[in-house]
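Here is what each chain is made of, one letter per residue.
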Amino acid sequence: MFDVLGILEGKFGPLVKVDGVFARGTMLFLFEPDHFEQVYRAEEANPLRPGFQVLDYYRTQLRKSRYGGLHGLINAQGPEWREFRTKVNPALLLPKLVKLYAPGIDEIAQDFVQRLSQITHDDAYIKDNFELELTKFSLEATALVALGSRLGCLKDSLDSDHPARRLMKSTRDIFELTYKLEIRPSPWRYIATPAYKMVIEAYDTQWEISMMYINHARKKLEQRGYDIPEEEKSVLEKLIAIDEKVAVMMASEMLLAGIDTVSFVTTSLLFNLAMNQKVQDKLREEIRTSESNYKRYFRACLKEALRLRHVVPANLRRTHRDHIVGGYYIPKGIDVIAPNEYLSRSEKFYPQPEEFIPERWLVEKSDPLYYGNAHPLVTLPFGFGVRSCIGRRIAELEIELLIKRLIEEFKVTWNGPPIKIVNKLTNTFVKPYNFTFTSVK
Ligand code: HEM
């Protein structure tokens, strides 16, 4: 992926137009942060992010009666997106969110550490299944915030036909197949290809299982009664009071968007800590001595891991009006792509760009490593502006609490060639996961 972007930029310069095939719109790659900043800021009044076209078709036509005309937050555009987002923002971006969910997520992090202690001697299992184990954590933690209840993913090993495992698999399949159908050329709009049939099955499974969990959570709420302090309510409960359809759709989308993203970033951070023992030792030292110093250093480590690996390698907005950028005319209806991961690993913006150096996020302005020397929009792991990731706070909290428990319990090492990454719609790691976890207690 980086090679292709490097060739495009090297050969054609800072603005590169790529014509779409099979009903994909024209894409315009902007390699200058000033350029995409200009477009993205001008689009803030109506930020269009086309994506998931099969999901759109699935929700609005194939399974229309089920969704009551709603596209969901991921897929809605224009006024429908704004109305949806305005309803859900207070529940998900609440400043008290951290205080509210930290104890529950910390309990899940401790359960994960306990499970890892039981399986860590089995190198072959970890090599093949580390990501699966981590995904159980992210599902359990995201479900706690979304539904207010635990699913039990970490209690014992889950068979592949357990609903939680099926939910995880359907999510993975949706991202994989969406890449096949919507990024690579595909005639799915004209004929039902095998990949199209598979993604419809995956959407059905994702919906059925998330609905099963949502209904179960609602039953528990009804039994308990709704008369509890506002700040103690789950996202589902808060949203039910505002709009029931939106509540169900949001909970289902949290279970779709909040699982693989969190496990990817946690794996990426753990890999970097394993490869940089001094950083890991410092983080452990901060955990032992000062909560505030830990938080500060953890944040720098997380930012650095996110700089090196974005879950979504590029950001995207479709123009809803004309622009003039760098002397070029960009008409309405163009997909403007900001290749943020590629730029974040470029020497043009960061010294020693391939190195994991959390200190760059902490040093003074006078230091050449100072992060502020790069344009502020080069690194955008959670997207941009009013349409940026709504799960950011939840994701950061989950990762912070899990890393804290893991690093205080284990020395993490990596034995083998660097971790393998596959760039598709989202980045994913593939086995082997050559981690070892040795108790330091
Ligand atoms: C570290 C983990 C995560 C990363 C790196 C990430 C990244 C992103 C990015 C890049 C976008 C696109 C933003 C844009 O277009 O400007 C996005 C959107 C979104 N994310 Fe996340 N995400 C993460 C975790 C989560 C979690 C935990 C949830 C749910 C609880 C979530 C739910 C969503 C939703 C619903 C959207 C669509 C927002 C909208 O269109 O208004 N994400 N995320």
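Residues numbered from 1 in each chain as written. Predicted model: local features only at pLDDT ≥ 70, side-chain atom pairs only at ≥ 80, totals over all residues. Heavy atoms only, no water.

1. What about the coordination of the iron atom of the ligand?
For a metal with four tetrahedral donors the ideal donor-metal-donor angle is 109.5 degrees, whereas six octahedral donors ideally subtend 90 or 180 degrees.
Stage number 1. With respect to protein ligation, the iron atom of the ligand binds only Cys389 (SG), at 2.3 Å.
Stage number 2. You can see Cys389 is positioned in the loop between α15 (340-344) and α16 (392-409). (Donors = N, O, S within 2.8 Å, 3.2 Å for Na, K, Ca; no water. Helix = DSSP H or I, 4+ residues; strand = E, 2+ residues; numbered from the N terminus.)

2. Remarks on the UniProt feature "binding site: heme" (unreviewed entry) in the chain
Stage number 1. The feature "binding site: heme" (unreviewed entry), as annotated in UniProt, sits at Cys389 in this numbering.
Stage number 2. Apart from residues lying up to four places away in sequence, Cys389 is in contact with Arg85 and Phe382. (UniProt positions renumbered as here; feature names shortened; annotations may be inferred. Contact = heavy atoms within 4.5 Å.)

3. Focus on the packing of helix α7 (residues 123-147) against helix α12 (residues 260-275)
Stage number 1. It is at 8 Å that the axes of α7 and α12 come closest, and there the two elements cross at 125 degrees. The angle between α7 and α12 falls in the class oblique. Of the two possible hands of crossing, α7 and α12 adopt the one that is right-handed. Packed against α7, whose contacting residues are Phe130, Glu131, Leu134, Thr135 and Ser138, the element α12 presents Asp260, Val262, Ser263, Phe264, Thr266, Thr267 and Leu270 at the interface.
Stage number 2. Here the contact of α7 with α12 is composed, by residue class, of five nonpolar, five polar and two charged. (Axes fitted to C-alpha atoms, helices over the stretch in contact; angles between N-to-C directions. Parallel < 35°, antiparallel > 145°, perpendicular 65-115°, else oblique. Left-handed = near helix turned anticlockwise from the far one by under 90°. Nonpolar A, V, L, I, M, F, W, Y, C, P; charged D, E, K, R; others polar.)

4. Structural notes on the pairing of strand β2 (residues 27-30)
Stage number 1. Of the two faces of β2, the one lined by Met27 and Phe29 and the one lined by Leu28 and Leu30 are each fully buried.
Stage number 2. Bridge count between strand β1 (residues 15-18) and β2: four bridges; the pairing is antiparallel. The partner of Lys17 across the bridge, within β2, is Leu28.
Stage number 3. Two strands pair when backbone bridges link them, and β2 and strand β6 (residues 335-338) are joined in this way by three bridges, in the parallel orientation. By the bridge assignment for β6, Met27 is matched with Asp335. (Buried < 20%, exposed > 50% of the residue type's maximum accessible area, 1.4 Å probe, protein only. Pairing = 2+ DSSP bridges.)

5. Topic: the site of the ligand
Stage number 1. Near the ligand there are 25 residues, and of these Arg49, Arg85, Arg317, Arg387 and Cys389 occur at the shortest range.
Stage number 2. Contact distances for the ligand include 2.8 Å between an oxygen atom and a side-chain N or O atom of Arg85.
Stage number 3. With respect to the ligand, the backbone of Phe384 contributes an N or O atom lying 2.9 Å from an oxygen atom. (Near = heavy atom within 4 Å. Polar contact = N/O pair within 3.5 Å; in protein donor to acceptor, adjacent residues only side chain to side chain.)

6. Structural notes on unusual backbone geometry
Stage number 1. Cis peptide bonds are those with omega within 30 degrees of zero, and the linkage from Lys431 to Pro432 qualifies with 10 degrees.
Stage number 2. Notably, Gln352 is not glycine yet its phi reads approximately 45 degrees, a positive angle.
Stage number 3. The residue Gln352 is located in the loop between α15 and α16 in this model.
Stage number 4. With a relative accessible area of 44%, Gln352 lands in the partly exposed category.

7. Regarding the sheet that holds strand β3 (residues 315-318)
Stage number 1. Across the sheet, which stays open at both edges, the four strands sit in the order β1-β2-β6-β3 with mixed pairing between neighbours. Each edge of the open sheet is held by one strand with a lone partner, namely β1 and β3. Across this sheet, the average inter-strand angle for adjacent strands is 25 degrees, counted without regard to direction.
Stage number 2. Strand contacts of helix α2 (residues 33-42): β1, β2, β3 and β6, with the helix running at about 135 degrees to β6, the strand carrying the most contacts.

8. Here's the deal with the packing of α7 against helix α11 (residues 244-257)
Stage number 1. For the pair α7 and α11, the least separation of the axes is 9 Å and the interaxial angle reads 165 degrees. By the angle between their directions, the pair α7 and α11 is classed as roughly antiparallel. For the element pair α7 and α11, the recorded crossing hand is right-handed. Along its contact with α7, which presents Leu139, Thr142, Ala143, Val145, Ala146 and Leu147, the element α11 presents Ala251, Met254 and Leu255.
Stage number 2. When its residues are assigned to classes, the contact of α7 with α11 shows eight nonpolar, one polar and no charged.

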